[in-house]
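# Examining the three-dimensional arrangement
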Amino acid sequence: MPKSNHKGISLKVQLYGLIILLTLLSFAGRLLISVDHTRDYLNEQMASHSQDAATSLGLSISPYMDDQNLVIADTMMAAIFDSGYYQSMKFVDINGVVKLNRENPKSVESVPAWFMHLFELTPPTGSSEVNDGWQIAGTLYVTSHPGVSYLQLWDYSIRAFSGSLAILAASLLFAYLILRMVLKPISTITAQADAVTKKQFIQNETFYWTKEVNVLALAINAMISNVQKTFESMTQHAETLTQDAYLDKLTKLGNRRAFESQFSAFQHDLEGHTDVYSIGLMTLPSLQSMNRDFGYQSGDDYVVQAVSILKSAIHDIEGAKVFRTAGGSFIFMLPCSIELCLEHVQQAYETLHAQNSSRYPEGFGQLVVTGFTHHDSISHLLSRLDTLITAETAQLGSGFNSDTFQSAAFEQGPALGLQDWSALIKDIIASGEIEFSFQPIKAANSINIIYNELFARFNHQGNLIANAQLFAMAERLNLTEELDKKLILALWSHIQNGLDKPIALNISRQSLHSDSFVTWLNDFMQDKQGQLDNLYFEVNETALIDNINSATAHINVFKSHGIKMCIERFGVSFSSFKYLRGLDIDFIKLDGSYIRDLMQNPDNNYFIQAVTQICHGLGIKVIACHVEDIESYKSVTELHCDACQGQFIQAPMKLSHDCLKSECNDFLNTLKYLKDC
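Residues numbered from 1 in each chain as written. Predicted model: local features only at pLDDT ≥ 70, side-chain atom pairs only at ≥ 80, totals over all residues. Heavy atoms only, no water.

### Digging into the side chain of N540
Topologically, N540 is positioned in strand 13 (residues 535–540). Residues within four places of N540 in sequence aside, it is in contact with E568 and R569. (Helix = DSSP H or I, 4+ residues; strand = E, 2+ residues; numbered from the N terminus. Contact = heavy atoms within 4.5 Å.)

### Comments concerning the sheet that holds strand 4 (residues 135–144)
Each strand in a sheet pairs with another by means of backbone hydrogen bonds, the pair being arranged parallel or else antiparallel. Taken together, 4 strands build an open sheet; the order of strands is 2-1-4-3 and the sheet is antiparallel. Lying at the two open borders of the sheet, with one neighbouring strand each, are strand 2 (98–103) and strand 3 (125–132). Pairwise comparison of adjacent strand axes, ignoring direction, gives a mean angle of 15 degrees for this sheet. Bridge count for strand 1 (residues 86–93) against strand 2 is 5 bridges, and the pairing is antiparallel. When the bridges of strand 2 are listed, V92 appears paired with V98. Relative to the sheet, helix 2 (residues 70–81) contacts strand 1, strand 2 and strand 4, its axis offset from that of strand 2 by approximately 20 degrees. (Pairing = 2+ DSSP bridges. Axes fitted to C-alpha atoms, helices over the stretch in contact; angles between N-to-C directions.)

### Digging into the confidence of the model for the protein
For residues with low pLDDT, the predicted coordinates do not support detailed interpretation. The share of residues in the protein with pLDDT of 70 or more is 90%, and the mean pLDDT across the chain is 82. Considering each helix and strand of the protein separately, the mean pLDDT is smallest for helix 22 (residues 665–676), with a value of 52, and largest for strand 16 (residues 621–624), with 95. For residues 393–398, every residue scores under 50 in pLDDT, and the model assigns this stretch 16 contacts once sequence neighbours within four places are set aside. Predicted confidence is poor over residues 401–414, with pLDDT under 50, and the contacts of this stretch with residues over four places away or in other chains come to 44 contacts. (pLDDT = per-residue confidence, 0-100.)

### Thoughts on the pairing of strand 6 (residues 321–324)
Here strand 6 shows two buried faces, one formed by K321 and F323 and the other by V322 and R324. Taking the residues between adjacent antiparallel strands as the criterion, strand 6 and strand 7 (residues 329–334) are bridged by 4 residues. (Buried < 20%, exposed > 50% of the residue type's maximum accessible area, 1.4 Å probe, protein only.)

### Overview of the environment of N448
Along the chain, N448 turns up in the loop between strand 9 (433–443) and strand 10 (449–460). Along the chain, N448 and S508 lie 60 residues apart, while their C-alpha atoms are 28 Å from each other. Ignoring sequence-local partners within four residues, the contact set of N448 consists of I441, K442 and A443.

### Description of the nonpolar core
Counting residues in hydrophobic clusters, the biggest one holds 135 residues, and the most contacted among them are F537, F558, I567, L580, I588 and L590. Here this core takes 9 residues from helix 5 (residues 211–246), the largest share from any one element. With 17 residues, the next largest nonpolar core counts A53, F91, V130 and V142 among its residues. (Core = buried A, V, L, I, M, F, W, Y, C linked by side-chain atoms within 4.5 Å.)

### Looking at the packing of aromatic side chains
In total, this model carries 24 aromatic pairs according to the counting rule given. Their ring planes at 90 degrees and their centres at 5.3 Å tell us that F537 and F558 sit as a pair that is edge-to-face. Of the two residues, F537 is situated in strand 13 and F558 in helix 17 (residues 548–560); the sequence distance between them amounts to 21 residues. Following the ring pairs from residue to residue traces out a cluster consisting of W492, F517, W520, F524, F537 and F558. Here the guanidinium or amino end of R257 rests over the ring plane of Y246, the centre of that ring lying 5.2 Å away. Lying across the ring of F294, R359 places its NZ or CZ 4.4 Å from the centre. (Phe/Tyr/Trp six-rings, centres within 6.5 Å; stacked < 30°, edge-to-face > 60°. Lys NZ or Arg CZ within 6 Å of the ring centre and 35° of its normal.)

### Focus on the sheet that holds strand 5 (residues 277–283)
One open sheet accounts for 4 strands, arranged 6-7-5-8; its pairing is antiparallel. Only two strands of the sheet have a single partner each, and these edge strands are strand 6 and strand 8 (366–372). The average angle at which neighbouring strand axes cross in this sheet is 20 degrees, direction not considered. As judged from the 6 bridges shared by strand 5 and strand 7, these two strands associate in the antiparallel manner. Looking at strand 7, one finds that S278 is bridged to L334.

### A short note on unusual backbone geometry
Residue N445 is not a glycine yet carries a positive backbone phi of 55 degrees. Mapping N445 onto the fold places it in the loop between strand 9 and strand 10. Positive phi values are uncommon outside glycine, yet R569 reaches one of about 55 degrees. Mapped onto the elements of the fold, R569 is located in strand 14 (residues 564–570).

### Quick look at helix 4 (residues 147–197)
Compared with an ideal rise of 1.5 Å per residue, which puts 51 residues at 75 Å, helix 4 spans 69 Å between its outermost C-alpha atoms and is within 8% of the ideal. Bending of helix 4 peaks at approximately 30 degrees at the position of R180. Positive phi appears at K199, one or two residues downstream of helix 4, with a value of about 65 degrees. (Expected span 1.5 Å × (residues − 1). Bend = angle between axes of the 7 residues up to and from the residue.)

### Points about the packing of helix 15 (residues 515–528) against helix 17
Taken N-terminus to C-terminus, the directions of helix 15 and helix 17 make an angle of 10 degrees; their axes are 10 Å apart at the nearest point. Compared by their axis directions, helix 15 and helix 17 come out roughly parallel. Every residue of helix 17 that contacts helix 15 at D515, F517, V518 and L521 is listed here: H554, V557 and F558. Split into classes, the residues belonging to the contact of helix 15 with helix 17 amount to 5 nonpolar, 1 polar and 1 charged. (Parallel < 35°, antiparallel > 145°, perpendicular 65-115°, else oblique. Nonpolar A, V, L, I, M, F, W, Y, C, P; charged D, E, K, R; others polar.)

### As for the pairing of strand 5
Among the 7 residues of strand 5, 7 are classified as buried, and the element is accordingly described as predominantly covered. Judged by which residues are buried, strand 5 turns out to be covered on both faces: Y277, I279, L281 and T283 on one side and S278, G280 and M282 on the other are all buried. Of the strand pairs in this sheet, strand 5 and strand 8 are connected by 7 bridges, and their pairing is antiparallel. Bridge pairing in strand 8 places I279 opposite T370.

### A few points about the pattern of salt bridges
Inspection of every chain in the model, using the stated rule, returns 16 salt bridges. R39 is paired through a salt bridge with D36; the nearest N and O atoms lie 2.4 Å apart. Placement of both R39 and D36 in helix 1 (residues 11–61) is noted, with a separation of 3 residues, approximately one turn of the helix. Assessed through its relative accessible area of 28%, D36 is described here as partly exposed. When the shortest N-O distance is used, the salt bridge between R509 and E475 registers 3.9 Å. Highlighted residues: R509 in helix 14 (residues 509–513) and E475 in helix 12 (residues 467–476), separated in sequence by 34 residues. Exposure class is identical for R509 and E475. Each is buried. Linked through salt bridges whose partners overlap, the residues forming this network are E453, E538 and K589. (Salt bridge = Lys/Arg side-chain N within 4 Å of Asp/Glu carboxyl O.)

### Quick look at a nonpolar patch on the surface
Judged by side-chain polarity, L18, L21, L22 and L25 come together as a nonpolar surface patch covering roughly 390 Å² of accessible area. On the secondary structure map, L21 appears in helix 1. (Patch = residues over 30% accessible without salt bridge, like charges linked within 9 Å, V, L, I, M, F, W, Y side chains within 5 Å. Areas by Shrake-Rupley, 256 points an atom, 1.4 Å probe, with all protein chains shown as cover.)

### Overview of the side chain of Q510
Within the fold, Q510 resides in helix 14. When residues no more than four places from it in sequence are discounted, the contact partners of Q510 are A474, E475, N478, L479, T480 and E481.

### Topic: the environment of L590
Relative to the helices and strands, L590 is located in strand 15 (residues 587–590). On a C-alpha basis, the gap between L590 and L424 in space is 34 Å, while along the polypeptide they are 166 residues apart. The contacts of L590, once residues within four sequence positions are left out, are F570, I595, F607, I608, V611, V622, I623, C625 and C641.

Here it is in structure tokens:
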């Protein structure tokens, strides 16, 4: 069940409770007053009855007050007393001596003792002076028996209780129907307001009979409409900034500036690792002649067709990026080694050459690829690619040559084939060890840690596996979902050993869109009974927008278990930010290219500012990653980013409880320095 973060008692419970309480008090009060009034009436009736009996009997026995005839008086008293309506009768002479006496027990079998104790009747005693000729012989005392009155009072109480109970039930039913008419619209309005927190702008056009509710509904609609207009306006502004600064208008690919920023981010990802990535160049040698001979529209169609071929070939490689760096030149980067992407690149090469015809005098397209590590500069790689194109050495065996750069699967060791990778990954899933490191994400201008991002390295038979190659091959073999499960289970073992800090894991594209993974996670979380309250998931933006509907549905399931969500590498896809509408996420993490390039490209300031305004309007916190120096830190805090991550904050550290509990002294000193400034 979803966890509720709402505090307090709901209006529905309060209203129903108030009505039930008032109705019960009214019921009890009305019943008590009615019964008490009846009791008073019966007491008065018994007083009148006893007095009348005393007066009548006193007159009847007055001729028989002498000692010889006293037996006759006693007989007359017994005759009246035996009727059963009297509790006691006694005659006391003027000397205080009881001459005649009759008494009945007080108990009544048909009436419960608790009722008689609760509504005790106090029948008064009637008295009459009895004369013996011209002298007073004594006083006759008559007390009515309360039994009949108790029976009458008990019967009346039962009837009154039944009637009041029926009125109570009818009142509660009527109150329920009225409250339902009032509260149902409020529930709808509450759901509408709650949808806004989930980035959904829903208008409620229903007219309600209750005036105040109708006014509230109209006010909520107006608020949501204004929020939506603001969101769309700011989104359009951010998209315009992105397109002007980073996008090629014809192909919607990143331009030269975007390529340089993304290349810097790629290299940053490679720092400290021996992973090898691939970079390629596609040129359209006949573009100039197409524009001259057939017009610019034909040239544009030529460009679009070539881009479509390239994108189609490398579409399955997660994290692949394509840029248009010049009119007929396109750079593509692949986060995997050449041997892992060779099949895709060769497909693109062959498809390009299949388009050769007389219409393209210099050929339809040329394509080369090479590998790079974090040591390679962008100028060196571009020069290498230009040399390969110029020398026409882009042919290997059947026509394609990928350059002789070699990448490695292990930090030490030979390249592996597809079957070898399959066996390796399955072995890792079954018995491989995981080494975790972490890097904190700290609130801006604060030492408070929002959460810690985990980085995993897989150890197989004493060798650390290169992550890029491992996940690229796992994606190709549909095994990343199993790797994600292994990571979650490994994290759970740390939590069982006392780890209680907020921890974030990156989940893959396959897991994000997999129904089987969501089912597994649902069972796993329910089994843990809330022991993973500090779990965060980070998902790549490009993986998320592959299928926004699937991602939205699965994110809602994650959120139902209290898992907080972050979109990482935000802005890298250059797509419309409108996909945020309807996504129940907590954080976005700006792509590192916007932060690392912040000092060289001031236009990034406008982009980041627009993003923070959009996200803050939707209740989403913005994280700036790759914060490597004090200038970048000061800039992102001035742009109202909510949190920061990077070497300047704290370098990744091996996971241990002591590290998570400690603070970064360098960061504390930096904060003090900033405050002094």
